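Remarks on the overall topology
Chain residues, written in single-letter form:
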Number of protein chains: 2
Amino acid sequence: MPAEPLRFLVTAGPTREHLDDVRYLSNASSGRMGHAVARAALAAGHRVTLVSGPVELAPPPAARLVEVVSAEEMREAVLAAFPDADVVVMTAAVADYRPEKRVSGKLKKTGEALRITLVPTPDILAELGGMKGDRILVGFALESERGEENAREKLVRKHLDLVVLDSPRAIGAQVSDFTILGADGRREHHMSVSKDFLAQRLVSLAAEARLI
Amino acid sequence: MPAEPLRFLVTAGPTREHLDDVRYLSNASSGRMGHAVARAALAAGHRVTLVSGPVELAPPPAARLVEVVSAEEMREAVLAAFPDADVVVMTAAVADYRPEKRVSGKLKKTGEALRITLVPTPDILAELGGMKGDRILVGFALESERGEENAREKLVRKHLDLVVLDSPRAIGAQVSDFTILGADGRREHHMSVSKDFLAQRLVSLAAEARLI
């Protein structure tokens, strides 16, 4: 056990934004990053609440698990757990658009084109950033271009302590390249590392920052 | 081994229809139904080609596996394997709409609503029905209302030998209710049965039909 166990709130997986009861918008997030963070925090003696979108992984038994489907449900679960958290690590690939309307049942196929309107989902990370207090807030930035510039901008705008920059290639991959940027100016490149390695590094950086 | 081993072509899983490199339209098909049919056919001594969308399941090692992502890729893989098949069991929940355009990289979030056009994907089952010859063709109908009427209509229109009617509740469920309808007038209800049970029943009905 560490001198002072911290309370981690970790989000994982994708969200699904339903167009009808069958079809949805989503992404290929496996949940492995969030599960790795949850395991690393538990292994370091901390407590963990894991808010997870639909994934095919068995959660660490010692974590308190909250299962959600949509971005809106994830927002509610995160806001409910936030007051009791010391460190918040948002690994979930929350869908940032949802269909404006959800049809009940299954939309009947007509053979014609279908025009739909997608509206932005709530930006949970930005919302938490605005009320973080002395919590440590860690976000991920999945960028396909001008990565470091966009990630740094996100760090500042959302009041994050740490942001991890990855690329679409990291989705589902076993090892990948990551850059960790810190509000303190930190800049770490990790090349071809596993999600477990990255998770351990994030947990120790976040715990250090919280305990300073 | 059966008197005459048949060549099964089985499709499984969802397809993903990408809007950009990260976001896609899909559905919650786990691939379990198709994997169960592949296992049941192999266990009965038949040969199996399994064309699978993205799933988190280990395929039966004795099957020839073809992995695909989109409906268009599934169509190509199925058409390539079709000439050598005796029995075709289409369990895949092929997305029936795709975004008209796929953006390369990741669409940048603007905070504004996004209007997109969805266009129908090719109807693989109908296409196969039109050139089935003496192959046995088995389809699934996922219907949220007027199920049996819609499933029977699909059976006739797509020249199927058997159609399995299930409901959105069957997605991801351990046991479920199914109705099997046959071109020969067959009508079987199976209540609260597993996908393995249904798979074995389909394999024996299809093999019987092919060998008559």
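Residues numbered from 1 in each chain as written. Chains lettered and ligands numbered in written order. Predicted model: local features only at pLDDT ≥ 70, side-chain atom pairs only at ≥ 80, totals over all residues. Heavy atoms only, no water.

1. What about the overall build of chain A?
Across its full length, chain A carries five helices and twelve strands. Projected onto its principal axes, the C-alpha positions of chain A cover 60 × 35 × 35 Å. For chain A, the residues scored as buried account for 53% of the 212 residues in total. When the accessible surface of chain A is summed, it comes to about 9,600 Å², and 50% of that surface belongs to carbon and sulfur atoms. Computing the positive centroid from 28 side-chain charges and the negative centroid from 29, chain A places the two 3 Å apart. (Helix = DSSP H or I, 4+ residues; strand = E, 2+ residues; numbered from the N terminus. Buried < 20%, exposed > 50% of the residue type's maximum accessible area, 1.4 Å probe, protein only. Areas by Shrake-Rupley, 256 points an atom, 1.4 Å probe, with all protein chains shown as cover. Lys, Arg positive; Asp, Glu negative; His and termini not counted. Charge placed at Lys NZ, Arg CZ, Asp CG, Glu CD.)

2. Looking at the interface of chain A and chain B
Across the contact, 35 residues belong to chain A and 35 residues belong to chain B. Looking only at chain A, the three residues that lose the most surface to chain B are Y24, Y97 and K109 of chain A, adding up to 18% of its buried area. Connecting chain A to chain B are four salt bridges. Across the salt bridge formed by R23 of chain A and D96 of chain B, the nearest N and O atoms sit 2.8 Å from each other. Taken together, chain A and chain B are joined by 17 residue pairs in polar contact (both at pLDDT 80 or more). At the level of secondary structure, the elements contributing two or more residues to the side of chain A that touches chain B comprise β3 (24-26) and β8 (114-120) of chain A. (Contact = heavy atoms within 4.5 Å. Buried area = accessible area lost by both parts, 1.4 Å probe. Salt bridge = Lys/Arg side-chain N within 4 Å of Asp/Glu carboxyl O. Polar contact = N/O pair within 3.5 Å; in protein donor to acceptor, adjacent residues only side chain to side chain.)

3. A look at unusual backbone geometry
Even without glycine at this site, H159 of chain A takes up a positive phi of about 55°. Its place among the elements puts H159 of chain A in the loop between α4 (147-157) and β10 (162-166). Look at S192 of chain B: it is not a glycine, yet its phi comes out positive at around 50°. Within the element layout of this structure, S192 of chain B appears in strand β12 (residues 187-194).

4. Here we look at the packing of helix α1 (residues 32-43) of chain B against helix α5 (residues 195-211) of chain B
All names here are of chain B. Put simply, α1 and α5 touch, their axes get as near as 8 Å, and they point 50° apart. In terms of orientation, α1 and α5 fall into the oblique class. α5 is crossed by α1, and the crossing has right-handed handedness. Where α1 abuts α5, its residues R32, M33, A36, V37, R39, A40 and A41 lie against K195, D196, L198, A199, Q200 and V203. (Axes fitted to C-alpha atoms, helices over the stretch in contact; angles between N-to-C directions. Parallel < 35°, antiparallel > 145°, perpendicular 65-115°, else oblique. Left-handed = near helix turned anticlockwise from the far one by under 90°.)

5. Let's talk about the pattern of salt bridges
All told, the structure shown has 36 salt bridges over all chains when counted by the stated rule. K132 of chain A is the partner of D161 of chain A in a salt bridge, and the nearest nitrogen-oxygen pair spans 2.7 Å. Linking D161 of chain A in the loop between α4 and β10 with K132 of chain A in the loop between α3 (124-129) and β9 (136-142), this pair joins segments that are 29 residues apart in sequence. There is no split in this pair, since D161 of chain A and K132 of chain A are both buried. Across the pair R39 of chain B and D196 of chain B runs a salt bridge whose closest N-O atoms are separated by 2.9 Å. Taken together, the residues R39 of chain B in helix α1 and D196 of chain B in helix α5 connect sequence positions 157 residues apart. With a relative accessible area of 40%, R39 of chain B lands in the partly exposed category. The exposure class assigned to D196 of chain B is partly exposed, which follows from its relative accessible area of 36%. Each of R7, D86, D134 and R210 of chain A takes part in one network of salt bridges that share partners.

6. Focus on the relation of the copies chain A and chain B
For the pair chain A and chain B, the superposition axis carries a translation of 0.0 Å, the fit reaches an RMSD of 0.0 Å, and the rotation angle comes to 180°. On this basis, the relationship between the two copies can be described by a two-fold rotation axis. Closest to the rotation axis within chain A is the C-alpha of L25 of chain A, separated from it by 2.2 Å. Interface residue correspondence from chain A to chain B reaches 100%, placing this contact among same-surface, isologous pairings. (Least-squares fit on C-alpha atoms with pLDDT ≥ 70 in both.)

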